[in-house]
Amino acid sequence: MATEFNGLLTATVFLPAAGAVLLLLVPNRMGGSDRVIRGVAVAVAVADLVLALLVFAFFDRGGDAARFQFVDQFAWIPDIGLKASYLLAVDGLSAPLVALTGLLGLCAVLASWHITLRVKEYFFWLLLLQAAVMGVFTSLDLLLFFLFWELELVPMYMLISIWGSGRKEYSAMKFLIFTILGSAFMLVAIVAVFLTPDVGTFNLIELSGPGAILATAATLIPLAWLFWLFFVAFAVKLPTWPLHTWLPDAHTDAPTAASVMLAGVLLKMGGYGLLRVNVGLFPNQTEQFAWVLVILGVVSVLYGAVVTMRQTDLKRLIAYSSVSHMGLVLLGIGSVGVSTGSLTVTGLSGAAMQLFTHGTITGLLFLAVGIVYEKAHTRYIPDLGGLAGRMPFVAAAMLIAGLASLGLPGMSGFVSELLVFLGAFRAYDWPTVLAVLGIVLAAGYILWMMERTFFGAQRERFADLTDASLVEAVPLALMVVCIIGIGVYPALLTDVFDSALEPMIQAINGG
């Protein structure tokens, strides 16, 4: 087994974990210990963002560049007959998601400045969560991928159950049960892949791509079954209707930072898994069952949009809108069902773009809602109104995120949705038209929410509200810059995504 060690990705993945351990060394009796803990957490998050941006900035986008870059690999479990390796690397699919995780990780830390309960423990779990997600996006060994996938569950469970609100214990346990059940399907599929004769490896690079050993192996379980076992695990996390019911509860009762990470990057783990594993390892099955993905995608888009319109809690409204917008990822992946030349690439590129753009948009929405809740002490929409006069900066950020969510041209949401619809329409015209109705409904619930929450007559009970502080404004500004920047210059991401998706398309087209 080859040994190669660049070191950049290992540092990017494990720096937050090292920072979490460092927090435990801060003495509890130290004067201003909570302030020191916050300072250390911010410093670690900033450093990890710098590393993540270095990965993205120095990723070689050239056509002759190696598909997987910044490789860290060495034998991991060689003594018990398992060909498992510590293998970290990125390609055009994962490099942008690594940058997204670093960005949202910093925003989550800054959004936690108000935390006063068990501060050390809180930031410990938050940084460990970031490390686990970084590991998911960079692991190219299925066993290592699964371990990072499972590691994420513990920090999120702790963050919701201890620092959440409402039915926090119920929501945390529901999140845990759904995701563990999904993971069980994944583990069965991973073991079946490894035990297949002439396979005997967890290496995703060897299992996918031209000449992949899995494509020609006589598998113990039919490839179609393996495809659906992986799909269930990723569909729970995405989440896809009807496996979505854990999400609104988890979002509603989670603290702001946990909601930002949950919507911004944890849901993206599901979409990333579908692209990396289902499309990458099972291109023929992806094409064969694309119509099922399209149906589930359209149902998720429309169901999520309709239910969103009935919500009166700001967090639940954004949570159900995520179900709708993540349906577009399935629609984009389903565009491979009919060979449509370059437009097939467009659909997959739109699905990948949706992962990134939705992460920044919903991250901004949850940041703004968190500030509103901290100051107004309510998320109940009928009790709000006229907040723009008291909180103009927060209102502007919320409006930008809302307009991006409904696909306003010039913002990042428009780019990803346009690519999905262009790719899917040639393959499935009427289902795509139905999915477009979801965007129409999005305009309705976003604008209605903004009108009821931020505009109209100012209420006397909110006369003392103040706008975002500097610490609260920084993450809002970062998200706004990202949303507008990608909307104005989408090639910054599309060129990177296409470098990874082209080999998948070639495999699907038999080339």
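Residues numbered from 1 in each chain as written. Predicted model: local features only at pLDDT ≥ 70, side-chain atom pairs only at ≥ 80, totals over all residues. Heavy atoms only, no water.

**Q** Which residues make up the packing of helix α10 (residues 223–237) against helix α12 (residues 256–281), and what values do they have?
**A** It is at 7 Å that the axes of α10 and α12 come closest, and there the two elements cross at 160°. In terms of orientation, α10 and α12 fall into the roughly antiparallel class. As α10 packs across α12, the resulting crossing turns out to be left-handed. When α10 is examined against α12, the residues Phe227, Phe230, Phe231, Phe234 and Lys237 are found in contact with a partner set consisting of Leu266, Leu267, Met269, Gly270, Gly273, Leu274, Val277 and Asn278. (Axes fitted to C-alpha atoms, helices over the stretch in contact; angles between N-to-C directions. Helix = DSSP H or I, 4+ residues; strand = E, 2+ residues; numbered from the N terminus. Parallel < 35°, antiparallel > 145°, perpendicular 65-115°, else oblique. Left-handed = near helix turned anticlockwise from the far one by under 90°. Contact = heavy atoms within 4.5 Å.)

**Q** Before we move on, could you go through the pairing of strand β3 (residues 85–90) and cite the residues and values that matter?
**A** Counting buried residues in β3 gives 6 out of 6 residues, a clear majority hidden from the surface. Side chains Ser85, Leu87 and Ala89 of β3 all project onto a buried face; the interleaved residues Tyr86, Leu88 and Val90 project onto the opposite face, where all are buried too. Note that strand β2 (residues 69–75) and β3 share 5 bridges and pair antiparallel. What sits directly across from Ala75, in β3, is Ser85. (Buried < 20%, exposed > 50% of the residue type's maximum accessible area, 1.4 Å probe, protein only. Pairing = 2+ DSSP bridges.)

**Q** Which residues make up the sheet that holds β3, and what values go with them?
**A** Sheet architecture is open: 3 strands sit in the order β1-β2-β3, paired in antiparallel fashion. For this open sheet the edge positions go to β1 (4–5) and β3, each flanked by a neighbour on one side alone.

**Q** So what's going on with unusual backbone geometry? Residues and values would help.
**A** Each neighbour pair has its own omega, and for Leu238 with Pro239 the value is -5°, a cis peptide bond. Relative to the assigned elements, Pro239 resides in the loop between α10 and α11 (246–253). Non-glycine residue Arg118 carries a positive phi angle of around 45°. Inspection of the secondary structure puts Arg118 in the loop between α3 (95–110) and α4 (119–138). Look at His377: it is not a glycine, yet its phi comes out positive at around 65°. Within the fold, His377 resides in the loop between α16 (342–376) and α17 (392–405).

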